[in-house]
Amino acid sequence: MKRTLFLLAAQSTILICNLAALDNGLAKTPPMGWNSWNKFGCKVREDLVRKAADSMVQSGMKDAGYQYIVIDDCWQVSRDKDGNIVADPATFPSGIKALADYVHARGLKFGIYSDAGPKTCAGRPASLGHEMQDAKQYAAWGVDYLKYDWCHMDNQNAPAAYSLMRDALKQSGRPIVFSICEWGSNRPWTWAPDVGNLWRTTGDITDKWEGKGEKFGAGVMDIVDLQAPIGYAAGPGHWNDPDMLEVGNGGLTTVENQAHFSLWAILAAPLMAGNDLDAMTPEVHDILTNKEVIAVDQDPLGHEGVRVRHQDNQDVWVKPLQNGAVAVVLLNRGTELQTFGVKWEEIGLKPGQKAAVRDLWAHKNVGEFKESFSAHIAPHQAMMVTLTP
Ligand code: GLA
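Residues numbered from 1 in each chain as written. Predicted model: local features only at pLDDT ≥ 70, side-chain atom pairs only at ≥ 80, totals over all residues. Heavy atoms only, no water.

Novice: Explain the side chain of R307 here, please?
Specialist: Following the sequence through the fold, R307 ends up in strand β13 (residues 306-311). A distance of 3.0 Å separates polar atoms of two side chains, one belonging to R307 and the other to D315. (Helix = DSSP H or I, 4+ residues; strand = E, 2+ residues; numbered from the N terminus. Polar contact = N/O pair within 3.5 Å; in protein donor to acceptor, adjacent residues only side chain to side chain.)

Take a look at the structure:
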């Protein structure tokens, strides 16, 4: 399908370009859900997945828009004599179909993980040579979402490998969101919009504000910097994916968790919680269920925010919304309190035009402004506002 994409670029220049986009009717707004990896890694078990589904409903996350419960790596252990993928009987004794039924019974959707190579990143059997067979199996189990990784693929052709699974999912006859995970290695933003519904843009997120992980991976600031230039590729049905959330996993302060969530929302990123939903603090709960911030992420126009300023530890992000308002994130990356803001000409408003400012974390109207808006921003704080002309 051809679609026209309007981009609000830095300094409010409107660019227009045409991109082919996958048309499976899914993920018209960025997918929201939970994935087992960031918290449980390879120790995932069916009881933990059931608890995550229960907590998603009881905590109000489902009401806030979260939908998918996704098991990441390590659910699979072997193939049977016919080549069918087999779930680990020690950790998933009831089988995947029963788990999918449990998740569906709570009004949620169910996701699973595989890899384009012979083995997953954790060394479990993966889908190379079994693409159609696996896609049919997932459909029979009631899978609604597939995350498809890239370990053991070295220099293989990524567009071809991912297109193979895209076509297999289509032939399975069940609508399945296709989540590409090749860590940005083959510049997926240039080819993935007509292959997957979302594609990872970077290596694995690490539960820290900035810097590298112990073995690999990158902190929240590093991930954001990598994604900043490629927002043009995202839109309804096809999203850049800066990886799952680390909100609530302990490596970030409350202010940093708010900044992480604000940035993912202005990036129109998939919001896949990665914490233990059964053991959330009230602060983490309130961040993950902030409906005003989520509404920016889920805005139907589907623009990814643009960074219009990145200097002196001041980052300013702007995202036009369907109702004519503009969402703005003012991020202080430094270690001292700073006062800064935006001028109307930076965000596509006319100088002199009245705009009502609302603070999406304080849940308060701040007032009407005519030329610019600025505020005191604490270290690592992201102030998130909407400006409504
Ligand atoms: C890769 C992916 C992660 C996770 C692990 C599982 O590192 O990028 O998100 O799926 O594999 O082994």
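Now, onward.
Novice: Just to check I follow, could you spell out the state of the cysteines for this structure?
Specialist: Here a disulfide denotes one covalent bond, and it connects the sulfur atoms of two cysteines. Applying the stated criterion across every chain, the model contains 2 disulfides. Here C42 pairs with C74 through a disulfide, and the sulfurs are 1.7 Å apart. Residues C42 and C74 share a disulfide whose torsion about the S-S bond is about -80°; that sign makes it left-handed. Taken together, the positions of C42 in the loop between α1 (37-40) and α2 (46-58) and C74 in the loop between β4 (68-70) and β5 (76-79) put the pair 32 residues apart, joining distant regions of the chain. With a sulfur-sulfur separation of 2.1 Å, C121 is cross-linked through a disulfide to C151. Disulfide C121-C151: the torsion about the S-S bond is 100°, which places it as right-handed. Linking C121 in the loop between β7 (109-115) and α5 (131-141) with C151 in the loop between β8 (145-149) and α6 (158-172), this pair joins segments that are 30 residues apart in sequence. Sequence-ordered numbering of the disulfide-bonded cysteines in the protein gives the connectivity 1-2, 3-4. (Disulfide = S-S within 2.5 Å.)

Novice: Which parts of the structure should I look at to understand the side chain of S172?
Specialist: Summarising the element assignment, S172 is placed in helix α6. Excluding its chain neighbours within four sequence positions, the residues that come into contact with S172 are M132, A135, K136 and A139. (Contact = heavy atoms within 4.5 Å.)

Novice: Quick question: what am I supposed to make of α2 here?
Specialist: For the α-helix, the turn length of 3.6 residues means that residues three or four positions removed from each other point alike. Counted at 1.5 Å a residue, the expected span for α2 with its 13 residues is 18 Å, and the 18 Å between its end C-alpha atoms agrees. Along α2, the positions that sit buried rather than exposed are E46, L48, V49, A52, A53, S55 and M56. Buried-residue contacts for α2 involve β3 (32-35), α1, α3 (61-64), β4 and α4 (96-105). Backbone geometry just downstream of α2 places G60 in the positive-phi region, at approximately 90°. (Expected span 1.5 Å × (residues − 1). Buried < 20%, exposed > 50% of the residue type's maximum accessible area, 1.4 Å probe, protein only.)

Novice: Please clarify how the sheet that holds β13 should be interpreted in this entry.
Specialist: In space, the 6 strands of this open sheet follow the order β13-β14-β15-β20-β17-β18, with antiparallel pairing throughout. With one partner strand each, in any of the chains shown, β13 and β18 (364-369) form the two edges of the open sheet. Taking each pair of neighbouring strands and ignoring which way they run, the sheet shows an average axis angle of 20°. Looking at chain direction, strand β14 (residues 314-320) and strand β15 (residues 326-332) are connected through 7 bridges and run antiparallel. In the strand pairing of β15, Q314 is matched with N332. Strand contacts of helix α8 (residues 254-266): β14, β15 and β20 (382-388), with the helix running at about 145° to β15, the strand carrying the most contacts. (Pairing = 2+ DSSP bridges. Axes fitted to C-alpha atoms, helices over the stretch in contact; angles between N-to-C directions.)

Novice: Would you mind going over the confidence of the model for the protein with me for this structure?
Specialist: Caution applies to low-pLDDT parts of the model: their predicted coordinates are not meant to be read in detail. A residue-level look at the protein finds 95% of positions with pLDDT of 70 or above and a mean pLDDT of 94. Of the regions scoring below 50 in pLDDT, residues 1-18 engages in 46 contacts with residues more than four places distant in sequence or in other chains. (pLDDT = per-residue confidence, 0-100.)

Novice: Help me understand the nonpolar core in this model?
Specialist: Across soluble globular proteins, nonpolar side chains have a tendency to be buried as a group. Residues Y66, W75, F261, W264 and L288 are the most contacted members of the largest nonpolar core, which totals 91 residues. Looking at which domains feed residues into this core, each of domain 1 (2-297) and domain 2 (306-388) gives three or more. Contacts of F261, omitting those with residues within four sequence positions, involve Y66, L245, V247, L271, I287, L288, V293, I294 and W361. (Core = buried A, V, L, I, M, F, W, Y, C linked by side-chain atoms within 4.5 Å. Domains from an automatic or database assignment.)

Novice: Please explain the sheet that holds strand β12 (residues 271-273) as it appears in this structure.
Specialist: To summarise the sheet geometry, strands pair through backbone hydrogen bonds and adopt either a parallel or an antiparallel arrangement. Read from one edge of the open sheet, 8 strands run β11-β10-β9-β8-β7-β4-β3-β12, paired in parallel fashion. The open sheet has two free edges, formed respectively by β11 (239-241) and β12, since each of these has just one partner strand. Taking the axes of each pair of neighbouring strands and ignoring which way they run, one obtains an average angle of 25° across the sheet. Where strand β10 (residues 198-200) meets β11, 3 bridges bridge the pair, whose relative direction is parallel.

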